[in-house]
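As a plain string of letters, each chain reads:
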Amino acid sequence: MLKVQEIRELIKLVDQSSIEEFVYEYDGSKIKMKKTASGSQVATQAVTSAAVKEQSIIEQAEPAKPVQAEKTESVKPSQPEEVKEDSANLHKITSPMVGTFYKSPSPDADAYVKPGAKVTKDSIVCIVEAMKLFNEIEAEINGEIVEVLAEDGQLVEYGQPLFLVKPE
Amino acid sequence: MQSELRKKLIAAFTNSGTEYLSGQTLADLAGCSRTAIWKHIEELRKEGFEFEAVRKKGYRITNTPENITADEISFGLKTKFVGSNIHYEETLDSTQKVAYRLAYEGAPEGTIVIAEEQLAGRGRMQRKWHSPKYSGIWMSVILRPEIPPQKAPQLTLITAVAVVQAIQETTGLHPQIKWPNDILLSGKKITGILTELQAESDKINSIIIGIGINVNQREEDFPEEIKQIATSILNELGQPVSRAKLIQSLLKNLEKLYLLYLDKGFQPIKLLWESYAISIGEFITARTLNKTINGRALGITEDGVLLMEDEAGTVHHIYSADIDLKGDQV
């Protein structure tokens, strides 16, 4: 039987060649590779967040408009079900992706915002990073930061509230 | 920015290969006078292009300058949209900053920003990226995929695969990927990739992919503090490499993989990424802002997240970290 490393090597070679399909049979085991056969695979992913109940989203290879619509709905913090009374009127800035929360552009720099800070729609409030993709999160609302809900360096979930903002 | 006429002219010479193109044919293709064509050819000569002009046959390009100007990158470029807009500057603070602004102002998908040197190149956590003149590829690419923002990090792994394929194609060397997207030769870094996102909560406006490749630096060009961890293609290959050819190959492979990803999803990219990965199955150290995890790299998930098993047998999902391979001194 082939070792994993050898299979990786084979994938590499097949990828670089003009072969469309590759079959290897030896001693009862069989490996089949096909270049464009992976079109219909469907992956299931669980997304959790504090405000939104756990929910599965089917990701399809084709651009799936209905799925996007569904996600939009789930991210919007407009239905504060489990929010304390005193924060009922506060706006939540949520994380658009899973990743690491950074309060400042670099470890030595000052935080983008602190409680009490005034923000406008395009103020940057933090960075969420995953796999060296940096997402500068904008407030998307005019108001005042009331509370920072995430710790510097903490892993945050998709849809997780990061800040409470008192709208103006 | 190249003029539309210049773009058409370069494209015509790319397609004609070794055939001659007459002044009239060029004028017809570009929709201008033969005098205008002649003026453009003179300008290209000044840039370092060499032309052979034969009476009654026309022109062909016999030699190209060793530059990475927009003209030099477009001559021989075979992509549909990646690199069709080239913003070239001799010196920039950071190609990423300029690309970020251009993307914000509505630059079309596939626009690239490239410089001969960066005065303030940067890496993760605002770390400095050493990018001296004429020796490397300092470039940013703007893409506008219609995918949810939480999938955007996958683009950084796609870029890593494209860089590996381009270096293999151009030099015959076989680089490896260290999660998520550092490219190594002989265990030392030759490429760093940093990506930024412009997005609303549910929609990507643009992704700006910054790519730094050490190409023709000699060993003595590296500052003492990074000599142990960084190298260049020249160092490993023993001879200089045409940066323009490497860029063309990179843009071609990036476009191919990007279209494959939009069509088929991340799965085919994951297989390719794993086939080039250096650390899978190995003992590694992952350093995050708050903690350090030692353990064995198991692989990546369907989203590109690193799976790591620590000594106690707990499996960690790593989204961001600096990875040290076993034996690293850092």
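Residues numbered from 1 in each chain as written. Chains lettered and ligands numbered in written order. Predicted model: local features only at pLDDT ≥ 70, side-chain atom pairs only at ≥ 80, totals over all residues. Heavy atoms only, no water.

Enquirer: Could you clarify how one ought to interpret the pattern of salt bridges in this entry?
Expert: Between side chains of opposite charge, a pair can form when the charged atoms approach closely. Tallying each qualifying case throughout the model produces 23 salt bridges over all chains. Taken together, the shared-partner salt bridges connect Arg6, Glu43, Glu47 and Asp71 of chain B into one network. (Salt bridge = Lys/Arg side-chain N within 4 Å of Asp/Glu carboxyl O.)

Enquirer: Please explain the packing of helix H1 (residues 4-16) of chain A against helix H9 (residues 267-276) of chain B as it appears in this structure.
Expert: The relative placement of two packed helices comes down to the angle between their axes together with the axis-to-axis distance. Here H1 of chain A crosses H9 of chain B at 120°, and the two axes come no closer than 9 Å. It follows from the interaxial angle that H1 of chain A and H9 of chain B lie oblique. The two elements H1 of chain A and H9 of chain B meet at a crossing, and its hand is left-handed. The residues of H9 of chain B that touch H1 of chain A, namely those facing Arg8, Ile11, Lys12, Asp15 and Gln16 of chain A, are Leu271, Leu272, Glu274, Ser275 and Tyr276 of chain B. Looking at side-chain class alone, the contact of H1 of chain A with H9 of chain B contains four nonpolar, two polar and four charged residues. (Axes fitted to C-alpha atoms, helices over the stretch in contact; angles between N-to-C directions. Helix = DSSP H or I, 4+ residues; strand = E, 2+ residues; numbered from the N terminus. Parallel < 35°, antiparallel > 145°, perpendicular 65-115°, else oblique. Left-handed = near helix turned anticlockwise from the far one by under 90°. Contact = heavy atoms within 4.5 Å. Nonpolar A, V, L, I, M, F, W, Y, C, P; charged D, E, K, R; others polar.)

Enquirer: Explanation requested: the interface of chain A and chain B in the structure shown.
Expert: Each partner contributes to the interface: chain A provides 39 residues, whereas chain B provides 49 residues. Together chain A and chain B conceal approximately 4,000 Å² of surface at their shared face, both sides included; 56% is due to carbon and sulfur atoms. Counting the contacts that link chain A with chain B gives one salt bridge. A salt bridge links Lys132 of chain A to Asp182 of chain B; its shortest N-O distance comes to 2.7 Å. (Buried area = accessible area lost by both parts, 1.4 Å probe.)

Enquirer: Quick question: what am I supposed to make of the domain arrangement of chain B here?
Expert: One frequently used descriptor of interface size is the decrease in accessible area upon assembly of the parts. Residue and element names in this part refer to chain B. Taken domain by domain, chain B holds domain 1 (4-63), domain 2 (70-276) and domain 3 (283-325). Distance between the C-alpha centres of domain 1 and domain 2: 30 Å. Summing the contributions of domain 1 and of domain 2, the shared interface buries around 680 Å²; its carbon and sulfur component is 61%. The tally of links between domain 1 and domain 2 comes to one salt bridge. Among the ionic pairs, Arg6 bridges to Asp71, the shortest N-O distance being 2.7 Å. Taken together, the links from domain 1 to domain 2 amount to five residue pairs in polar contact (both at pLDDT 80 or more). Counting residues per element, the ones that place at least two in the side of domain 1 that touches domain 2 are helix H1 (4-16) and helix H3 (34-47). Sorting elements by how many residues they give to the side of domain 1 that touches domain 2 places H1 first, with five residues. Grouping the constituent residues of the side of domain 1 that touches domain 2 by class yields five nonpolar, one polar and three charged. (Domains from an automatic or database assignment. Polar contact = N/O pair within 3.5 Å; in protein donor to acceptor, adjacent residues only side chain to side chain.)

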